[in-house]
Amino acid sequence: MKPRNQTRVSEFILLGLSEEAHMQPLLFGLFLSMYLITFSGNVLIILTIIMASYLHTPMYFFIFSLSFTDICFTSTTVPKMLMNIQMQSKVITYEDCITQLYFFLLFAGLDHFLLTVMAYDRFVAICHPLHYTVIMNPKFCSLLLLASLLLSVLESLLHSLMVLRLSFCTELEISHFFCELNQILKLACSDTYLNDSIMYFVAGLLGIIPFTGILFSYCKIVSSILRISSAEGKSRAFSTCGSHLSVISLFYGTSFGVYLSSAATPNSRASAIASVMYTVVTPMLNPFIYSFRNKDIKQGIRKLFN
């Protein structure tokens, strides 16, 4: 490692998506619009599920939780970016950066686990319909949510504490619009081998295993649907998991795309632009996917406005 001046870090510089002055108003308007759409869309889903009693089922309980998580997920990064553009400042304090990192990892992990739990819910509903209400009882659903939250808290806390042990140099520019873990580790003067090892181990353990569970659930779901004799029954079964499958494809497709592209190219700015897809665009599109493909949600929204 090259010797660099080492000091007690008090703040980082978020370079954002573009350093060109004429792009800042455009970025501000674009991200403000996407944030408002994300916030209002997910709040609408939440209010619809609360107000419509027929939506008080396990599936919509998890959709409610996912919408709330998406609001928190985007709120950890976008408001700070908008404030920096508005104030023409790129500074984020060390404490704020670690806090942002913690909550970003927390809600990203919770998103991940909720999608896994929702896949299990659809598996039980389609493969074991007669036992669905017994298996997916309110107590068990609450335990699944609590377990997802606990795992996410432990994961984000572990990474945040590991970052606290690092010392940083005078080169404190983060080529991103938020405090992303990989970018922070690149700025460290101290050895990051342990951080990298833990990061990849946790990503494998809490990433690959749930994703494998999702694939297993949908393999069983497809197998069960193909055994249904009537075309109407197959269509109804597919429609119950179509929205969730679309959200999974969008979330994992954009996430894997970002990290594969970042591994293939050293361009941090290009990686930051690509990460907009899963940090901002995906939470914005989720409410549209659930409302567009779900008759119960659309009916609930109409009743809500009437």
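Residues numbered from 1 in each chain as written. Predicted model: local features only at pLDDT ≥ 70, side-chain atom pairs only at ≥ 80, totals over all residues. Heavy atoms only, no water.

Going by an unreviewed UniProt entry, the protein chain carries the name Olfactory receptor 7A10-like and comes from Chrysochloris asiatica.

Visitor: Mind showing me how you'd approach the environment of Leu-154 here?
Guide: Among the structural elements, Leu-154 can be located in helix α6 (residues 138-164). Between the alpha carbons of Leu-154 and Ser-224 there is a distance of 36 Å; along the sequence they are 70 residues apart. (Helix = DSSP H or I, 4+ residues; strand = E, 2+ residues; numbered from the N terminus.)

Visitor: Before we go on, may I ask you to explain the UniProt feature "transmembrane region" (unreviewed entry) in the protein chain in this structure?
Guide: Feature annotation in UniProt assigns "transmembrane region" (unreviewed entry) to the following positions: residues 26-52, 59-78, 98-120, 140-158, 198-216, 237-260 and 272-292. The annotated region residues 140-158 carries 100% helix and 0% strand content, and the separation between its end C-alpha atoms amounts to 27 Å. End C-alpha atoms of residues 272-292 are separated by 30 Å, and the span's content is 100% helix alongside 0% strand. (UniProt positions renumbered as here; feature names shortened; annotations may be inferred.)

Visitor: What is the right way to read the packing of aromatic side chains from this model?
Guide: Going through the model one piece at a time under the given rule, you end up with 15 aromatic pairs. Here Phe-103 and Phe-107 contribute two aromatic rings whose centre-to-centre distance is 6.2 Å and whose plane-to-plane angle is 20°, an arrangement assigned as stacked. Linking Phe-103 with Phe-107, this pair stays in helix α4 (residues 94-127), spanning 4 residues, or about one helical turn. On the basis of relative accessibility, which here comes to 13%, the residue Phe-107 falls in the buried class. Centroid distance Phe-251 to Tyr-252: 5.4 Å. Interplanar angle 90°. Geometry classified as edge-to-face. Neither residue differs from the other here; Phe-251 and Tyr-252 are each classed as buried. One aromatic cluster in this structure is built from Phe-31, Phe-73, Phe-104, Phe-177 and Phe-178. (Phe/Tyr/Trp six-rings, centres within 6.5 Å; stacked < 30°, edge-to-face > 60°. Buried < 20%, exposed > 50% of the residue type's maximum accessible area, 1.4 Å probe, protein only.)

Visitor: Looking at this structure, I do not really get the side chain of Ser-67. What am I missing?
Guide: Following the sequence through the fold, Ser-67 ends up in helix α2 (residues 58-75). The buried category is assigned to Ser-67, whose relative accessible area is 5%. Side chain to side chain, Ser-67 and Asn-42 meet in a polar contact 3.4 Å long. Apart from the residues lying within four places of it in its own chain, the contact partners of Ser-67 are Asn-42, Ile-45 and Ile-46. (Polar contact = N/O pair within 3.5 Å; in protein donor to acceptor, adjacent residues only side chain to side chain. Contact = heavy atoms within 4.5 Å.)

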